[in-house]
Amino acid sequence: AKLSKQSVAIPTSEEERATATDETEILSAYDNLLKQRSSVHFGYPYNLMYNHEELYQFMKYSINNLGDPFITSNYGVHSR
């Protein structure tokens, strides 16, 4: 129920905001759903066993790689 359309709808009034499901609860429910579905996945063969811990420190930045990769960008926060 925490991932229903009603639960994840963006509140448009203070009244809706007061009764809205907490974002942390929604994210936790989504994490649990992904864990469950990944544990029994049967289909296209891809690797579900990977570790990106070395990249966690970069999640605090809004890294943007838009534009032509062969032309120098005027946006300085990128990884190219």
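Residues numbered from 1 in each chain as written. Predicted model: local features only at pLDDT ≥ 70, side-chain atom pairs only at ≥ 80, totals over all residues. Heavy atoms only, no water.

With that settled, consider the overall build of the protein. Within the protein, the secondary structure is distributed over 3 helices and 0 strands. Starting at the N terminus, the α and β elements of the protein follow one another as α-α-α. In summary, the protein has a C-alpha radius of gyration of 19 Å against a globular reference of 12 Å for 80 residues, an excess of more than 25%. Here the C-alpha coordinates of the protein stretch approximately 50 × 40 × 25 Å along the principal axes. Taken over 80 residues, the protein has a buried fraction of 4%. A fraction of 14% describes how many contacts in the protein between residues 6 or more apart in sequence connect residues 24 or more apart. A total accessible area of about 7,800 Å² is found for the protein, and carbon and sulfur atoms account for 57% of it. Placing the 7 positive and 10 negative side-chain charges of the protein at their respective mean positions leaves the two points 5 Å apart. (Helix = DSSP H or I, 4+ residues; strand = E, 2+ residues; numbered from the N terminus. Rg over C-alpha atoms; globule rule 2.2 N^0.38 Å. Buried < 20%, exposed > 50% of the residue type's maximum accessible area, 1.4 Å probe, protein only. Contact = heavy atoms within 4.5 Å. Areas by Shrake-Rupley, 256 points an atom, 1.4 Å probe, with all protein chains shown as cover. Lys, Arg positive; Asp, Glu negative; His and termini not counted. Charge placed at Lys NZ, Arg CZ, Asp CG, Glu CD.)

Our focus in this paragraph is the layout of surface pockets. Of the voids in this model, the largest pocket is the one considered here, and its volume is about 180 Å³. Lining the largest pocket, in full, are Ser38, Leu48, Met49 and Tyr50. Residue classes in the lining of the largest pocket are distributed as 3 nonpolar, 1 polar and no charged. (1 Å grid on protein atoms, 1.4 Å probe; cavity = no way out; pocket = protein on both sides within 12 Å on 5 of 7 lines; lining within 4 Å. Points joined across faces, edges and corners; volume = space filled by probe spheres on them. Nonpolar A, V, L, I, M, F, W, Y, C, P; charged D, E, K, R; others polar.)

Among the surface-exposed residues, Leu55, Phe58, Tyr61, Ile63, Tyr75 and Val77 lie close enough to one another that they form a single nonpolar patch of about 550 Å² accessible area. Residue position: tyrosine 75 is located in the segment after helix H3 (23-39). (Patch = residues over 30% accessible without salt bridge, like charges linked within 9 Å, V, L, I, M, F, W, Y side chains within 5 Å. Salt bridge = Lys/Arg side-chain N within 4 Å of Asp/Glu carboxyl O.)

What follows concerns the confidence of the model for the protein. Of the residues in the protein, 94% have a pLDDT of 70 or more, and the chain-wide mean is 83. Across the protein, element-level confidence peaks in helix H2 (residues 14-19) with a mean pLDDT of 93 and bottoms out in helix H1 (residues 5-8) with 89. (pLDDT = per-residue confidence, 0-100.)

This part is about H3. Taking 1.5 Å of rise per residue, the 17 residues of H3 would be expected to cover 24 Å, and the 24 Å separating its terminal C-alpha atoms lies within 8% of that figure. Measuring from the backbone nitrogen of threonine 24 back to the side-chain oxygen at the start of H3 gives 3.2 Å, which picks out aspartate 22 as the cap. (Expected span 1.5 Å × (residues − 1). Polar contact = N/O pair within 3.5 Å; in protein donor to acceptor, adjacent residues only side chain to side chain.)

Moving on: the environment of serine 62. Checked against the element boundaries, serine 62 lands in the segment after H3. Assessed through its relative accessible area of 56%, serine 62 is described here as exposed. It is 27 Å that separates the C-alpha atoms of serine 62 and alanine 20, two residues lying 42 residues apart in sequence. When residues no more than four places from it in sequence are discounted, the contact partners of serine 62 are Tyr75 and Val77.

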